[in-house]
Amino acid sequence: MHEAPPTPPPGPAATSPATPAEPLSHGLKQRHLTMLGLGGVIGAGLFVGSGAGIAVAGPAIVVSYLIAGALAMLVMRMLGEMSAAMPASGSFSVHAERALGRWAGFSVGWLYWFLLVVVLAVEATAAAQIAHGWVPGVEPWAWVLLFMVVFTVANLTAVKNFGEFEFWFASLKVGAIVVFLVLGGLAVFGLLPDTDPVGMTNLTGQGGFLPNGWSGVVSGVLTVVFAFGGLEVVTIAAAETDDPARAVGRAVRSAVVRILFFYVGSMLVIVTVLPWTAQQAGLSPYVKVLDAIGVPSAGQIMNIVVFVALLSALNANLYGSSRMIFSLAERREAPRGLLKVSRKRVSRKAGAEGGGADGSSGQAGGVPRRAVLASVAFGFISVLLNLLWPDTVFLYMLNSVGAVLLFVWALIAAAQLRLRARLEQEAPDALALRMWWFPYLTWVTLAGLLGVLLLMLTDDAARPQVLWSAGATALVLLVAVGREWRDRRARRESSALPDR
């Protein structure tokens, strides 16, 4: 293993679109990034959690998903613009630092890392519960251990292993939704055996399209907006492709609209095939629809899909957290020991042909193994807390990251406001992917995120998440400001020393 070259300290030059070469491997392909973008947010939140949204919004859950999806789409467009112009393994943490200062990069980086390693415990535990149902003789803790070990090994080896895992996981999830949309569409029109056309009955009956009014739509947005979290990993992974700027642009363009289609299309099928009153929180609406149209073993089929979705999210979160903390270490915002990356092995053929001096041929290294292990270590701690004290200690941790995603999205928008103006002056050619109707839609996005946070404060169930997340954010900001104050004081004292 060798240590990555240090990055220059942040300053005026850091705003330049020119970035130092990443010491990480470039083992991810465009197909990996595209499927990561498509499958990164298709998880248990959609397959199971959407039932809670339907229960509060009725058929208008379609509108809730449109609103939440539009927010996510705008944030991803902004993030894609910055990542295509200035690709970096730290993605939005690096952009926030360049735009707003070290405090912003430090804060958003550590908050996002904390979010990923805490949520990782939820995913590992949920997947273990499903596996325990299939094999009752193996305790859930043993399944958790197995999952963590397998994905740790996968992330400690070449990055292409992570890419292959995610490619096939995402392919299965996308394939499952496509099949569901086809079967549901046929059922709507009465084209399946023993089915009659349902028409608009379920959309307009049982209280109408807005059975709980617009307040139900708003409650639905609060329920489903976090299901779109995970798209950010695409811009983190782009730094490990051969052509980061082109790869992230293509991934963002293709993923956002298709994901919106999958989410909104699924919800439209569900509330059209069955009355919204048939749904309830905690039960998969997909299972209910498949049962209704006569698909055998629908429950077990969805259990498999949800299981794969959870493992996919676990794998992606482990990858994203390791790259984020590695990027923080690059910028001296985390221990420098985390900068160790595995050596790049060059095949004999590549060496004989003169290739591989830069690791471009036959490479299998460039993996930040210490960063992976640091993230896994905290992930294991989170899992233990979830198994031992799920209703106390771990619940507080989970609440402390409950609204962090919205804070991260808000900082992405704030960073884009400043960086876009600089890029247009200094390097307009770097803007291969542009935010629509800048700066108006950026301001609209910021207002929308603030609105969601305010609405969460008025909701009894969501309020603890906002308050705990605000507390965690304030703590990280306090540390960031303290670090800046310490560094400025050290610089002043150094400049005041007389020359000898």
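This one's a predicted model, so the numbers in the text were calculated from it and none came from an experiment.

### Considerations on the overall build of the chain
Right, so step 1: Check the secondary structure of the chain and you find 20 helices and two strands.
Right, so step 2: Relative to its full complement of 500 residues, the chain shows a buried share of 55%.
Right, so step 3: Across the chain, the fraction of contacts at a sequence separation of at least 24, relative to all contacts at a separation of at least 6, is 80%.
Right, so step 4: Summing over all exposed atoms, the chain offers an accessible surface of approximately 20900 Å²; the carbon and sulfur share of this is 66%.

### Focus: unusual backbone geometry
Right, so step 1: Going from Phe438 to Pro439, the amide bond is cis rather than trans, its omega being 0 degrees.
Right, so step 2: We note that Arg332 has phi near 60 degrees; this positive angle belongs to a residue other than glycine.
Right, so step 3: Residue placement: Arg332 occurs in the loop between α14 (298–330) and β2 (340–341).
Right, so step 4: Its identity is not glycine, yet Trp437 carries a phi of approximately 45 degrees, on the positive side.
Right, so step 5: As for its position among the elements, Trp437 is in the loop between α18 (404–426) and α19 (440–458).
Right, so step 6: Judged by relative accessible area, Trp437 falls into the exposed class, the value being 68%.

### Comments concerning the confidence of the model for the chain
Right, so step 1: With 88% of its residues at a pLDDT of at least 70, the chain reaches an overall mean of 81.
Right, so step 2: Looking at the elements of the chain, mean pLDDT is at its lowest for strand β1 (residues 2–3), recorded as 42, and at its highest for α19, recorded as 92.
Right, so step 3: In this model residues 1–20 is a low-confidence stretch, pLDDT under 50, and it forms 40 contacts with partners more than four residues away in sequence or in other chains.
Right, so step 4: Segment residues 347–363: pLDDT under 50, and 18 contacts once partners within four positions in sequence are set aside and those in other chains are kept.

### Quick notes on the environment of Val224
Right, so step 1: Mapped onto the elements of the fold, Val224 is located in helix α10 (residues 213–224).
Right, so step 2: Along the backbone, Val224 and Tyr65 are 159 residues apart, and their C-alpha atoms lie at a distance of 6.8 Å.
Right, so step 3: When near neighbours in sequence (up to four residues on either side) are disregarded, Val224 contacts Ile61, Ser64, Tyr65 and Ala68.

### Some details on α19
Every α-helical turn comprises 3.6 residues, leaving residues that sit three or four positions apart pointing alike.
Right, so step 1: The end-to-end C-alpha distance of α19 is 27 Å, a good match for the 27 Å that 19 residues give at a rise of 1.5 Å each.
Right, so step 2: Listed in full, the buried residues belonging to α19 are Leu441, Thr442, Thr445, Leu446, Leu449, Val452, Leu453 and Met456. The arc that holds every buried residue of α19, seen down its axis, measures 150 degrees, which confines them to one face. In α19, those exposed residues whose orientation departs by more than 90 degrees from the buried face are Tyr440, Trp443 and Thr458.

### Quick word on the pattern of salt bridges
Right, so step 1: Evaluation of the coordinates by the stated rule reveals 10 salt bridges.
Right, so step 2: Residues Arg463 and Asp460 are paired through a salt bridge, measuring 3.0 Å at the closest nitrogen-oxygen approach.
Right, so step 3: Assessed through its relative accessible area of 28%, Arg463 is described here as partly exposed.
Right, so step 4: Within the structure, one salt-bridge network assembled from shared partners comprises Glu81, Arg420, Glu424 and Arg434.

### Thoughts on the packing of aromatic side chains
Both the distance between ring centres and the angle between the ring planes are used here to describe each pair of aromatic rings.
Right, so step 1: As enumerated under the stated definition, the model contains 18 aromatic pairs in all.
Right, so step 2: An aromatic cluster is built from Phe106, Trp110, Trp113, Phe114 and Phe378, whose rings are joined through pairwise contacts.
Right, so step 3: Between Arg31 and the ring centre of Phe167, over which it is positioned, the NZ or CZ distance is 4.7 Å.

The rules we used
Per chain, residues are indexed from 1 in the order of the written sequence. With the structure being a predicted model, the display of local features is reserved for residues of pLDDT at least 70 and the display and counting of side-chain atom pairs for 80 or more, all residues being used for whole-chain, interface and lining totals. The side-chain numbers reported here are obtained from all heavy atoms of the structure, hydrogens and water having been left aside. The numbering of helices and of strands both runs from the N terminus, where a helix is a DSSP run of H or I of at least 4 residues and a strand a run of E of at least 2. Summary of the burial criterion: residues with accessible area below 20% of their type's maximum are buried, those above 50% are exposed, and those between are partly exposed, where the area comes from a 1.4 Å probe applied to protein chains only. Residue contacts follow a heavy-atom distance rule, with two residues in contact if any of their heavy atoms lie within 4.5 Å. All accessible-area figures derive from a Shrake-Rupley calculation using a 1.4 Å probe, and residue coverage is judged against the displayed protein chains alone. pLDDT: the predictor's confidence for each residue, scored from 0 to 100. Here the expected length of a helix is defined as 1.5 Å per residue gap, with one fewer gap than residues. To obtain the arc, one takes the directions from the helix axis to the C-beta atoms. The working definition used for a salt bridge is a side-chain nitrogen of Lys or Arg within 4 Å of a carboxyl oxygen of Asp or Glu. Centres within 6.5 Å are what make two rings of Phe, Tyr or Trp a pair, Trp counting through its six-membered ring; a difference in plane orientation under 30 degrees is then read as stacked, over 60 as edge-to-face, and the rest as tilted. For a ring to carry a charge above it, either NZ of a lysine or CZ of an arginine must fall within 6 Å of the ring centroid while also lying within 35 degrees of the normal to the ring plane.

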